[in-house]
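Observations on chain architecture
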Amino acid sequence: MNTATRHPIQLAIQGASCQGCVRKIRASLADLVSDPEQVTVDLDQQRVTLPEATDAEAAAQRVTDAGYPARPVEAQAGETLTIRGASCQGCVKKIREAVTPLVNAADDIDVDLASQTVTLPAGIDAEEAVQRISDAGYPAQRADAVDNGEADSGPPEPATSAATSPQDRSSSGSHADDSEIHLSITGATCASCVRTIETAMQRVPGVTEARMNLADLTATAQGHASADALIQAISSAGYGASEIHDQEAVDDEKEAASRKEYRTLLIKMAVGLGLGLPLMAWGLFGGTMAVTGDTRIGWLIVGAVTLAVLVLAGGHYFTGAWKAFRHHNANMDTLIALGTGTAWLYSMGVVLAPELLPEAARHVYFEASAMIIGLINLGQALELRARGRTSQAIRRLLDLRARTARVIRDGQEVDIPVEEVQVGDNFRVRPGEKVPVDAVVVEGESRIDESMLTGEPMPVNKAKDDEVSAGTINSSGALVCQATRVGSETALAQIIQLVKKAQGEKPPIGRLADRISAIFVPTILLIAIAAALVWYNVGPAPAAAHMLVAATTVLIIACPCALGLATPMSVMVGVGKAAEHGILIRQGEALQLAGQLDTVVLDKTGTITEGKPRVTQLVPADGVSENELLGLAAGLEQHSEHPLAQAILTAADERRVERFSSSGFEALNGQGVTAQADGQTLRLGNRRWLESEGVDLSGLSDAAEAISNDAGTPLFLARDAQALGVIGVADRIKDDSKAAIARMTDQGIRVVMLTGDVEASARAIARQVGIDEVHANVLPEDKASIVKQLRDEGRRVAMVGDGINDAPALAAADVGFAIGAGTDVAIESASITLMRSSLQGVTDAIEISRATVRNIRQNLLGAFAYNSLGVPIAAGILYPVWGILMSPILAGAAMSLSSVTVVSNANRLRFFKPVKHQEAS
């Protein structure tokens, strides 16, 4: 390799996470770079940029020796692509997986979220990479195409949070940034409608992803298109749309509209059946449905009344069919309108010109038209009522919100609307009241019921400086709290937003219905025409009557309502059920994959254990007292926020030990901390690191081994090369970790523990909770590698963690579970967040996932089986053998029943309960 390049040198590194890492990297390069400030370290992209003419190989070796594995990156290594829509580590994972078949390793692909670019290794087919990344949902193009003005929509906008609040949008509906636009949809009735609307939205320039939820009649578009453009596209496709600015107001309006529509459908049902039932009874009990000279006037009147019924009770189907036709589409309305309209037209033809048909074919089907309209309206009314039950979880979350807050201003307590509470306001919460906004307790002590947020049934003690969340209930004493987050920033508001978003997601299993719906209605129309031709040409007399019955029955029975509802109904209930148990599912794909997991990888600290370690042993070396050992360690750790540091500081405070002063503090990732005191170097960390620095720890080996065997972590303290002692720090295992791991094992799941702790301590914890497979002394960058290795073995892997160092592993896993009490980085990198810090949430999520996917499969199987069996029978396949030809009335009842069945089956999930904790213990 040419080590003296004319371009700035870049190194790809691993494991750098803080400014201490930056300082150590710069120090390691001191003999190669004259000015350390010329070394730029990008922690987000894990890149080191060096001045030109630097020896890249030597620099990489020095950085690696400093504890951050490094390799040179050619300045012109490969082509750069521009992308749109990537906003998180999950997006990075998908992009890398899409291009991985073209490269040696996914890590060779550099995805920069800030600039929305992907840099490929040298020798990669850029065009194929563009296609693969675009197919993965992130529209891509070559950077030189953008530079030359060939891009059709301009350079990509920087990615922003997907959860852009409505307040951040302009009133004109313009969205300049890459965000989500939420729309309320009207006029959609089936899977074909969903397909049409999603296709219309995807054709709008700037849209990176579009999806519609038939269950709650909403649509979401991601990208930087304007809401006006999306609404226009949907309108052009024949449907109505409006932007959702105030979700609460929209929900209230929808609930009121649903009640009104339910009553309207019942009235229309009564109108249809009011005519259809007497006509059907007339035919069943001896009356003739044939037209004769004596009955023509009577049937003409009945035909006119039937037309009125079609207009009054079924007009919306004909209107919808006409809109679809005008926009070159076909949907459920098309099939209903064709079926009932054809039956009425044929009957009126018989009445007006009976001489044109053989006597045997002079049969009217007015009762079929009226009955079908009545039965379909009845089915939609029952479906609407059952559909309302699917969103009960969201309604319960919405009901948690307090309407008012008792704010303390100028010494007076005043009740104000919760929307007027501002950050910094003090307010009082009396026993039995809801906490109005997120806050911190400034006065009082009580127990707070957080069950609806976390799924944890036991109230939690709260005292001064403890945090409380909006929507939780004060069980006992009075509290005075100070508002920290209000409005859409509260935890409850974020949870509601996440649940709503996840309910609109579409898991992979639902895409099968999407593909079928694209061709479903046109296929049914062709089958109906084919059936009519067969009956007319080779069927028995009266051929025209049999032709009409077969074609009408095929059109009516095949309406794709059930197909369109099969997936979204189950997803809405499943995501809501998970939220009830304190599980926030962020991605539809995760809802499906969680049930397929066969391996769960657990971080130790904060995941299996409480993450609040305490000092258990002090073993000073000869000539050093316990107080001196603890005082030096506390003086060193007072600059750190690590949990182990807090344990040492707490111990020093409890013993009233004075902290020694120190300066030049530096934290070394996965190794320890160092600082200067009285001109000497203090080091506190693990054995491997201190011994690599030349410290002899042999005299402390027995004490360290005893600490490790007792599930503690030994921290060695040294001054220059002198060992001063070892401090034992232990982290208490969470009460239900053992039971949760037992549940995983009972489910046939392989459980693996990853930790940076020493081997003996890690295995002691593992023995106590029942884990056989342990990887100890693991550096942060190695966690993702182990997860990837397990996936390469063909296993479905979940990673559970709570720290910044877990984020890469969470993103690398099939499903990442972030402990809700963990860091924001971990939560953003995970596809599922556990609101309570318990591993029981993992097994609950797995069971809920399996139940939801099973429910979706039942719905899809029922919908497919219904159409697969119903359409051939409706076409008359049983007639040659048993002489059976299905009535259009029966087809209408069956079609309505199929939708009601799917919705009712989805609602069964509301009664699902994961295995109780005590049953697994």
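The preceding data block contains the structure.
Described in the following lines is the structure provided in the data block.

The subject of this paragraph is unusual backbone geometry. Ala541 connects to Pro542 through a cis peptide bond whose omega is -5°. Although it is not a glycine, Asn777 sits at a positive phi angle of roughly 55°. Take Asn777: it is sitting in the loop between β31 (773-775) and α26 (780-792).

In contact at an axis separation of 9 Å, helix α20 (residues 626-637) and helix α21 (residues 643-655) are set at 130° when each is read in the N-to-C sense. Taken together, the axis directions place α20 and α21 in an arrangement best described as oblique. Considering only the axes of α20 and α21, their crossing is left-handed. Taking contact as the criterion, the partners of Glu626, Asn627, Leu630, Ala633, Ala634 and Glu637 in α20 are, on α21, Ala645, Ile648, Leu649, Ala651, Ala652 and Arg655.

The antiparallel open sheet is built from four strands, whose spatial order is β10-β11-β9-β12. Of all strands in the sheet, those with a lone pairing partner are β10 (207-213) and β12 (240-243), marking the two edges. Taking each pair of neighbouring strands and ignoring which way they run, the sheet shows an average axis angle of 25°. In this sheet, strand β11 (residues 218-223) lies alongside β10 in antiparallel orientation, the contact comprising six bridges. Within β11, the position partnered with Arg211 by the bridge is Thr220.

All chains considered together, the criterion is met by four aromatic pairs. Centroid distance Trp535 to Tyr879: 5.1 Å. Interplanar angle 75°. Geometry classified as edge-to-face. Placement of Trp535 in helix α15 (residues 511-538) and of Tyr879 in helix α30 (residues 879-882) is noted, with a sequence separation of 344 residues between them. We classify Trp535 as buried; its relative accessible area is 7%. For Tyr879, a relative accessible area of 27% corresponds to the partly exposed category.

Among the structural elements, Thr553 can be located in helix α16 (residues 543-557). Judged by relative accessible area, which is 0%, Thr553 ranks as buried. Other than its neighbours up to four places away in sequence, Thr553 contacts Ala874, Met886, Ser887, Pro888 and Ala891.

Let's shift gears to the pairing of strand β1 (residues 9-13). For β1, the tally of buried residues reaches four of five residues, placing the bulk of the element in the interior. Here four bridges tie β1 to strand β3 (residues 47-50), and the two strands are oriented antiparallel to one another. Residue Ile9 lies in a different strand from β3, and its bridge partner there is Leu50. The sheet contact formed by β1 and strand β4 (residues 70-73) spans four bridges and is antiparallel.

Take the sheet that holds strand β34 (residues 832-834) next. In a beta sheet, neighbouring strands pair by backbone hydrogen bonds and run either parallel or antiparallel. The strand order across the open sheet built from seven strands is β22-β34-β33-β32-β23-β30-β31, with neighbouring strands paired in mixed fashion. Among the strands making up the open sheet, the edge pair consists of β22 (583-585) and β31. Each strand of the sheet is rotated relative to its neighbour by a mean of 20°, with strand direction disregarded. Alignment of strand β33 (residues 815-819) against β34, held across three bridges, turns out to be parallel. Paired with Ala818 across the bridge in β34 is Thr833.

Counting residues in hydrophobic clusters, the biggest one holds 89 residues, and the most contacted among them are Met201, Trp299 and Phe366. It is helix α10 (residues 332-352) that contributes the most residues to this core, nine residues altogether. When residues no more than four places from it in sequence are discounted, the contact partners of Trp299 are Leu279, Trp282, Thr288, Met289, Ala290, Val291, Val351, Val364 and Phe366.

Turning next to the environment of Asp35. Among the structural elements, Asp35 can be located in the loop between α1 (19-28) and β2 (40-42). The sequence separation of Asp35 and Pro51 amounts to 16 residues, and the corresponding C-alpha distance is 9.6 Å.

What follows is about helix α23 (residues 701-709). Buried within α23 are the following residues: Ala703, Ala704, Ile707 and Ser708. All buried residues of α23 project into a common sector of 135° when viewed along the axis, lining one side. Looking at the buried side of α23, the elements it contacts are β24 (614-620), β28 (712-719), β29 (722-730) and α25 (759-769). One or two steps after α23, the chain reaches Ala711, where phi turns positive at roughly 65°.

As a further point, take a nonpolar patch on the surface. On the surface, a nonpolar cluster with roughly 460 Å² of combined accessible area is contributed by Ile297, Leu300, Ile301, Val305 and Leu352. Per-element tally for the nonpolar patch: the top contributor is helix α9 (residues 296-326), with four residues. If you trace the backbone, Ile297 turns up in helix α9. On the basis of relative accessibility, which here comes to 60%, the residue Ile297 falls in the exposed class.

Here α16 is 15 residues long and its end C-alpha atoms lie 21 Å apart, about the 21 Å a rise of 1.5 Å per residue gives. Most of α16 sits out of view: 14 of its 15 residues are buried.

Procedures and definitions
- Residues numbered from 1 in each chain as written.
- Predicted model: local features only at pLDDT ≥ 70, side-chain atom pairs only at ≥ 80, totals over all residues.
- Heavy atoms only, no water.
- Helix = DSSP H or I, 4+ residues; strand = E, 2+ residues; numbered from the N terminus.
- Axes fitted to C-alpha atoms, helices over the stretch in contact; angles between N-to-C directions.
- Parallel < 35°, antiparallel > 145°, perpendicular 65-115°, else oblique.
- Left-handed = near helix turned anticlockwise from the far one by under 90°.
- Contact = heavy atoms within 4.5 Å.
- Pairing = 2+ DSSP bridges.
- Phe/Tyr/Trp six-rings, centres within 6.5 Å; stacked < 30°, edge-to-face > 60°.
- Buried < 20%, exposed > 50% of the residue type's maximum accessible area, 1.4 Å probe, protein only.
- Core = buried A, V, L, I, M, F, W, Y, C linked by side-chain atoms within 4.5 Å.
- Arc of directions from axis to C-beta.
- Patch = residues over 30% accessible without salt bridge, like charges linked within 9 Å, V, L, I, M, F, W, Y side chains within 5 Å.
- Areas by Shrake-Rupley, 256 points an atom, 1.4 Å probe, with all protein chains shown as cover.
- Salt bridge = Lys/Arg side-chain N within 4 Å of Asp/Glu carboxyl O.
- Expected span 1.5 Å × (residues − 1).

This is a description of form; function is not addressed.
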